[in-house]
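Here are the chains, one letter per residue:
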Amino acid sequence: QDAFALLIGVDGKYFKFDKDRSRVSPGIHADRMSASACNSVERLGELGIIRNRINLFLNVRDKKHLGLIRQSFISAIRQELVDYGGLVADLESRRRHNPEEVTLRRLLLWALKPTTRLR
């Protein structure tokens, strides 16, 4: 559950973003998880951090003073975020319908391509 929260850039029950949203840290209840599971969830949290940074970048831009190339670039970035949101929604749906199919290891594998693209 926390992995999906972190993927969309919000705090989970066991893992939280720090104040400047640049790092994921285990919360007080994370001691119930194995070290490898904690590490995997923190790695997934990187996508939430990247997503939050991209959203901040997109929201700060003054659209009146952008040239055509910058507008196209921002449009392409927004489309990447839409595609990423679709992937997260699909994975969440899979988890609800067949929880055994969606493991932390599989989430990490599914997150490789979006991590590379969003970086």
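So, here's what we can say about the structure. The model shown is predicted, which means the values in this text are computed figures rather than measured ones. Sequence order as written defines residue numbering, which begins from 1 separately in each chain. Only residues with pLDDT of at least 70 get local features here, since the model is predicted, and only at 80 or more are side-chain atom pairs given and counted; chain-wide, interface and lining totals rely on the full set of residues. No hydrogens and no water enter the side-chain calculation; it runs on all heavy atoms of the structure.

## Considering the environment of R32
1) Next: Position of R32 among the secondary structure elements: in the loop between β2 (24-26) and α2 (35-60).
2) Next: Between the C-alpha atoms of R32 and K113, which are 81 residues apart in sequence, the distance is 30 Å. A run of H or I in DSSP counts as a helix once it spans at least four residues, and a run of E counts as a strand once it spans at least two, with each numbered from the N terminus.

## Things to note about the environment of I54
1) Next: In this fold, I54 is placed in helix α2.
2) Next: Only protein chains enter the calculation, and the probe is 1.4 Å; a residue is then buried if its accessible area is under 20% of its type maximum, exposed if over 50%, and partly exposed in between. Residue classification places I54 among the buried positions, given a relative accessible area of 14%.
3) Next: For the pair I54 and I77, spaced 23 residues apart in sequence, the C-alpha to C-alpha distance is 8.1 Å.
4) Next: Note on contacts: a residue pair is in contact if any heavy atoms of the two residues lie within 4.5 Å. Beyond its immediate sequence surroundings of up to four residues, I54 is in contact with I77, L81 and L118.

## Description of the nonpolar core
1) Next: Among the nonpolar cores identified, the biggest contains 20 residues, and F4, L7, L44, I54, L107 and L118 are the most heavily contacted of them.
2) Next: For this core, the elements supplying multiple residues, two or more each, are α1 (2-7), α2, α3 (68-97) and α4 (104-118).
3) Next: The greatest single-element share of this core, amounting to 6 residues, is contributed by α3.
4) Next: Ranked by size, the runner-up nonpolar core spans 8 residues in total, among them L6, V24, V41 and I49. In these notes, a set of buried Ala, Val, Leu, Ile, Met, Phe, Trp, Tyr and Cys residues joined through side-chain atoms within 4.5 Å is what counts as a nonpolar core.

## Concerning the pattern of salt bridges
1) Next: Salt bridges are defined as contacts in which a side-chain nitrogen from Lys or Arg sits within 4 Å of a carboxyl oxygen from Asp or Glu. According to the stated counting rule, one finds 6 salt bridges in the structure shown.
2) Next: R117 is the salt-bridge partner of E80, the closest N and O atoms lying 2.3 Å from each other. Of this pair, E80 sits in helix α3 while R117 sits in helix α4, and the two are 37 residues apart along the sequence.
3) Next: By relative accessible area, which is 21% here, E80 ends up partly exposed.
4) Next: In this structure, E92 and R96 form a salt bridge, with 3.7 Å as the shortest nitrogen-oxygen distance. Placement of both E92 and R96 in helix α3 is noted, with a separation of 4 residues, approximately one turn of the helix.
5) Next: What makes R96 exposed here is its relative accessible area of 55%.
6) Next: Residues joined by salt bridges that share partners form a network here, namely D90, R94 and E101.

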